[in-house]
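# Chains, contacts and geometry: an overview
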Amino acid sequence: MSTFHDGSTSTHPYKEPSPLPSSIPKVDELGTTSAPLKSAAFFIGAYCKDYNEDFMLCKAENRDPAHCLKEGRRVTRCAQDLITKMRENCLKQFDEHWSCLEANNQEYYRCRKPERTLNKCMFEKLGLTKTIPGSPPSQKPIHEVEKPVFTGVQK
Amino acid sequence: MPVPWEALIPFGLLTAMFGTAGTLMNVSKRGQNLGKSPRYHVDPWDEMMMERDKRLTGHIRGQSTEPIAPEGFATSSVWYTQKTN
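Residues numbered from 1 in each chain as written. Chains lettered and ligands numbered in written order. Predicted model: local features only at pLDDT ≥ 70, side-chain atom pairs only at ≥ 80, totals over all residues. Heavy atoms only, no water.

Looking at an unreviewed UniProt entry, one finds chain B named NADH dehydrogenase [ubiquinone] 1 alpha subcomplex subunit 1 and attributed to Thelephora terrestris. The annotation that UniProt attaches to chain B under Function (unreviewed entry) is "Accessory subunit of the mitochondrial membrane respiratory chain NADH dehydrogenase (Complex I), that is believed not to be involved in catalysis. Complex I functions in the transfer of electrons from NADH to the respiratory chain. The immediate electron acceptor for the enzyme is believed to be ubiquinone." Heading Subcellular location (unreviewed entry) of the UniProt record for chain B holds this comment: "Mitochondrion inner membrane". (UniProt positions renumbered as here; feature names shortened; annotations may be inferred.)

The name an unreviewed UniProt entry assigns to chain A is NADH-ubiquinone oxidoreductase, from the organism Thelephora terrestris. The Subcellular location (unreviewed entry) comment attached to chain A in UniProt states, word for word, "Mitochondrion inner membrane". In its Function (unreviewed entry) section, UniProt records this for chain A: "Accessory subunit of the mitochondrial membrane respiratory chain NADH dehydrogenase (Complex I), that is believed not to be involved in catalysis. Complex I functions in the transfer of electrons from NADH to the respiratory chain. The immediate electron acceptor for the enzyme is believed to be ubiquinone."

Shown next as structure tokens:
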């Protein structure tokens, strides 16, 4: 006897059947997962600032997905470029930092030591610094404070 | 006077029971999270990122640093829709 199974109960991953129109250039998606992306986030902000700002301004005009495809492709390509460069130059420090984040609920304040080595390596090899936008100019940014009040528990 | 060792049995029982329960909980949680401690204070952003990680690596705690996504990632995202009228 055959039973009706709703589409949401499938065990196979979903595959969108309709293909992308051939007029749209094909750009591969970014394959980096959440922890490495969080580790690289401020460097993506520094490296891809122009493309990111273009995309955000375009989205502010019109939220329709079709309107901002070009800017979106540029953002993806820039992020892919930076991840490739990070892996070539600072792979060890990058891996250490995102592994630390994964072990600590992906919170920055608990992984300052690996973060400092990563920031140093990124500055030396690629000239990128981590800046927190909107931080008050009178105080030191939290990632540069030597003895912060909030640290993780001693393990 | 001989030491009343029978009086220490309850302490030993408590230690053993708490220890076993705690260890089994820890092992069970780590088994579900690929050897890492579980995520907490998970907000909708984190849920979205973990679902994306599952599409990329097969597990919500799986991580990878590949710049190019695997085949099929671009077409595997699912939006749940609802009837509006």
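### Some points on unusual backbone geometry
Despite not being glycine, Gln106(A) shows a phi value in the positive range, around 55°. For Gln106(A), the position within the fold is in the loop between α3 (69–103) and α4 (112–126). (Helix = DSSP H or I, 4+ residues; strand = E, 2+ residues; numbered from the N terminus.)

### Some remarks on the pattern of salt bridges
If the charged atoms of two oppositely charged side chains come close together, the side chains can form a pair. If you walk through the whole model with that rule in mind, you get 12 salt bridges over all chains. Here Lys36(B) makes a salt bridge to Glu102(A), at a shortest N to O gap of 2.8 Å. Residue Lys36(B) is found in the loop between α1 (9–32) and α2 (44–57), and its partner Glu102(A) is found in helix α3; the two belong to separate chains. For the pair Lys36(B) and Glu102(A), one class covers both residues: buried. Arg112(A) is paired through a salt bridge with Glu115(A); the nearest N and O atoms lie 3.0 Å apart. Highlighted residues: Arg112(A) and Glu115(A), both in helix α4, separated by 3 residues, approximately one helical turn. Of the two residues, Arg112(A) and Glu115(A), neither departs from the other in class, the shared state being buried. Beyond isolated ion pairs, a larger network of salt bridges with shared partners links Glu102(A), Lys36(B) and Arg61(B). (Salt bridge = Lys/Arg side-chain N within 4 Å of Asp/Glu carboxyl O. Buried < 20%, exposed > 50% of the residue type's maximum accessible area, 1.4 Å probe, protein only.)

### Side note on the packing of aromatic side chains
Residue and element names in this part refer to chain A. Under the definition given, this model contains 1 aromatic pair over all chains. Ring geometry for Phe-42 against Tyr-108: centres 5.8 Å apart, planes inclined by 55°, an arrangement best described as tilted. Highlighted residues: Phe-42 in helix α1 (residues 34–47) and Tyr-108 in the loop between α3 and α4, separated in sequence by 66 residues. The ring of Tyr-108 has Lys-38 sitting right over it, with the charged end atom 5.0 Å from the ring centre. A cation sits over an aromatic face here: Lys-130 above Tyr-108, 4.7 Å from the ring centre. (Phe/Tyr/Trp six-rings, centres within 6.5 Å; stacked < 30°, edge-to-face > 60°. Lys NZ or Arg CZ within 6 Å of the ring centre and 35° of its normal.)

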